[in-house]
Amino acid sequence: MDQWWHSPSGPSSTAIELALGALLVVQVVALLAAALRTPLGWDGLFNFEMKARLAFEHAPAGQLPSGYFTDGSRTWSHPHYPLLVPFTEFWLYSWIGRIDQSAVKIVFPMFFLSLIGIVAGAVRRFSDRRAGVISAIALGMLPPLTLIPGAASGYADVPLAAAIAGAGLFALIGLSAGSREVTLLGGVLSAAAVWTKAEGLVLAVVVGSAAGLVTRRRPAVLLGIPVVAALPWLVFLQMSGRTAGGDF
């Protein structure tokens, strides 16, 4: 496997890699500055942060009022959306002890850093270090990943992308190498995708099925974990008089 981690050598190559690394740092700093100065977008504010606020202000804290899920006047806030992002924001509010929409914006650049780290690591694994850094820089130049609906907006798209990218990478590595632990990590990240957006379950099934086809191994763990993770939420929605797609 060592040959998968090689990198061009020589003084000129080192200078190029240092320059690419500096550019990547500038991109990350610019994204953090943009996130802190950009208001939360519509979905970020009303579909996710509002749920975090409800959970924080509820007594006891950490729960959403059951009436929220059956209140027809709140349909516009998509009560059926999974709760990973709102409860990540709630965790931050609980940690700092107050509601702070400026502070909560730091969550989404962190997801973006996870995404580019996963993608750069995957590219480096099959190419070299320089290609990995270049891929990370390329992702940072895509407005849909950095602005709206990206990491500066509070939307769930970047968290979903990070979870699915990680699920796909670890699923492929785990099944190819016959490593149950790595495959299990892929399944856990697929479960995280399921709890991030409604589309996550479909993407998790696609990732598991595709990895199974490529490696010709049974992806039971990859398919089972996200499905089991989705069941409590789907059952709850059904019991509360909703279906997963009823409010789209």
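Scoring rules and cut-offs
- Residues numbered from 1 in each chain as written.
- Predicted model: local features only at pLDDT ≥ 70, side-chain atom pairs only at ≥ 80, totals over all residues.
- Heavy atoms only, no water.
- Core = buried A, V, L, I, M, F, W, Y, C linked by side-chain atoms within 4.5 Å.
- Buried < 20%, exposed > 50% of the residue type's maximum accessible area, 1.4 Å probe, protein only.
- Helix = DSSP H or I, 4+ residues; strand = E, 2+ residues; numbered from the N terminus.
- Contact = heavy atoms within 4.5 Å.
- Axes fitted to C-alpha atoms, helices over the stretch in contact; angles between N-to-C directions.
- Parallel < 35°, antiparallel > 145°, perpendicular 65-115°, else oblique.
- Left-handed = near helix turned anticlockwise from the far one by under 90°.
- Nonpolar A, V, L, I, M, F, W, Y, C, P; charged D, E, K, R; others polar.
- Lys, Arg positive; Asp, Glu negative; His and termini not counted.
- Salt bridge = Lys/Arg side-chain N within 4 Å of Asp/Glu carboxyl O.
- Polar contact = N/O pair within 3.5 Å; in protein donor to acceptor, adjacent residues only side chain to side chain.
- Patch = residues over 30% accessible without salt bridge, like charges linked within 9 Å, V, L, I, M, F, W, Y side chains within 5 Å.
- Areas by Shrake-Rupley, 256 points an atom, 1.4 Å probe, with all protein chains shown as cover.
- pLDDT = per-residue confidence, 0-100.
- Phe/Tyr/Trp six-rings, centres within 6.5 Å; stacked < 30°, edge-to-face > 60°.

1. Re the nonpolar core
Step number 1: Formed by 35 residues in total, the largest nonpolar core has its most connected members in Phe 112, Ile 116, Leu 145 and Val 158.
Step number 2: Elements supplying a minimum of two residues to this core: α1 (11-37), α2 (42-57), α3 (84-96), α5 (107-126), α6 (129-140), α8 (157-177) and α11 (220-239).
Step number 3: Setting aside anything within four residues of it in sequence, one finds Ile 116 in contact with Leu 24, Ala 136 and Leu 139.
Step number 4: Counting 10 residues, the second largest nonpolar core, distinct from the first, contains Leu 175, Ala 193, Ala 211 and Leu 222.

2. Looking at the packing of α8 against helix α9 (residues 180-194)
Step number 1: Packing of α8 against α9 brings their axes to within 7 Å, and their N-to-C directions diverge by 160°. Of the possible angle classes, the one that applies to α8 and α9 is roughly antiparallel. The two elements α8 and α9 meet at a crossing, and its hand is left-handed. Between α8 and α9, the contacting residues are Leu 160, Ala 163, Ile 164, Gly 166, Ala 167, Phe 170, Ala 171, Ile 173, Gly 174 and Leu 175 on the first element and Val 182, Thr 183, Leu 185, Gly 186, Leu 189, Ser 190, Ala 192 and Ala 193 on the second.
Step number 2: Looking at the contact of α8 with α9 residue by residue, the classes come out as 13 nonpolar, five polar and no charged.

3. Let's talk about the side chain of Asp 128
Step number 1: When you line up the elements, Asp 128 lands in the loop between α5 and α6.
Step number 2: One buried charged residue, Asp 128, forms no salt bridge at all, with the nearest opposite charge on Arg 130 at 5.8 Å.
Step number 3: From its side chain, Asp 128 meets the backbone nitrogen of Arg 130 in a polar contact 3.1 Å long.

4. Notes on a nonpolar patch on the surface
Step number 1: Among the surface-exposed residues, Val 205, Val 227, Leu 231 and Leu 234 lie close enough to one another that they form a single nonpolar patch of about 280 Å² accessible area.
Step number 2: With three residues, α11 is the single largest residue contributor to the nonpolar patch.
Step number 3: Turning to its location among the elements, Val 205 is positioned in helix α10 (residues 200-215).

5. Topic: the confidence of the model for the chain
Step number 1: Confidence in the prediction for the chain averages 88 pLDDT; 92% of positions are at 70 or higher.
Step number 2: Between the elements of the chain, mean pLDDT differs from a low of 88, seen in α1, to a high of 96, seen in α3.
Step number 3: In this model, residues 1-6 is a region of pLDDT below 50 whose contacts with residues beyond four sequence positions or in other chains number 10 contacts.
Step number 4: This model gives residues 242-248 a pLDDT under 50, and the stretch forms 20 contacts once residues within four places in sequence are excluded.

6. Quick look at unusual backbone geometry
Note: most peptide bonds trans; most residues except glycine with negative phi.
Step number 1: Residue Pro 60 is bonded to the preceding Ala 59 through a cis peptide linkage, with omega at 0°.
Step number 2: Tracing the sequence through the fold places Pro 60 in the loop between α2 and α3.
Step number 3: Each neighbour pair has its own omega, and for Ile 148 with Pro 149 the value is 5°, a cis peptide bond.
Step number 4: The backbone of His 78 shows a phi angle near 55°, a positive value even though the residue is not glycine.
Step number 5: When you line up the elements, His 78 lands in the loop between α2 and α3.
Step number 6: Phi angles above zero are rare outside glycine, and Arg 216 is one such case at about 60°.

7. Some words on the packing of aromatic side chains
Step number 1: Under the counting rule described, the total for this entry stands at 11 aromatic pairs.
Step number 2: With centroids separated by 5.8 Å and ring planes inclined at 75°, the aromatic side chains of Phe 46 and Trp 76 adopt a geometry described as edge-to-face. Of this pair, Phe 46 sits in helix α2 while Trp 76 sits in the loop between α2 and α3, and the two are 30 residues apart along the sequence.
Step number 3: The class for Trp 76 is partly exposed, based on a relative accessible area of 39%.
Step number 4: Look at Phe 69 and Phe 236: their rings are 4.9 Å apart centre to centre, the planes differ by 90°, and that puts the pair in the edge-to-face class.

8. Describing the environment of Val 214
Step number 1: Mapped onto the elements of the fold, Val 214 is located in helix α10.
Step number 2: Spatially, the C-alpha atom of Val 214 lies 8.7 Å from that of Ser 176, the residues being 38 residues apart in sequence.

9. Observations regarding the environment of Leu 147
Step number 1: By the element assignment, Leu 147 lies in the loop between α7 (143-146) and α8.
Step number 2: Remark: the alpha-carbon pair of Leu 147 and Arg 125, spanning 22 residues in sequence, is separated by 28 Å.
Step number 3: The contact partners of Leu 147, leaving out residues within four places of it in the chain, are Ala 152 and Ser 153.

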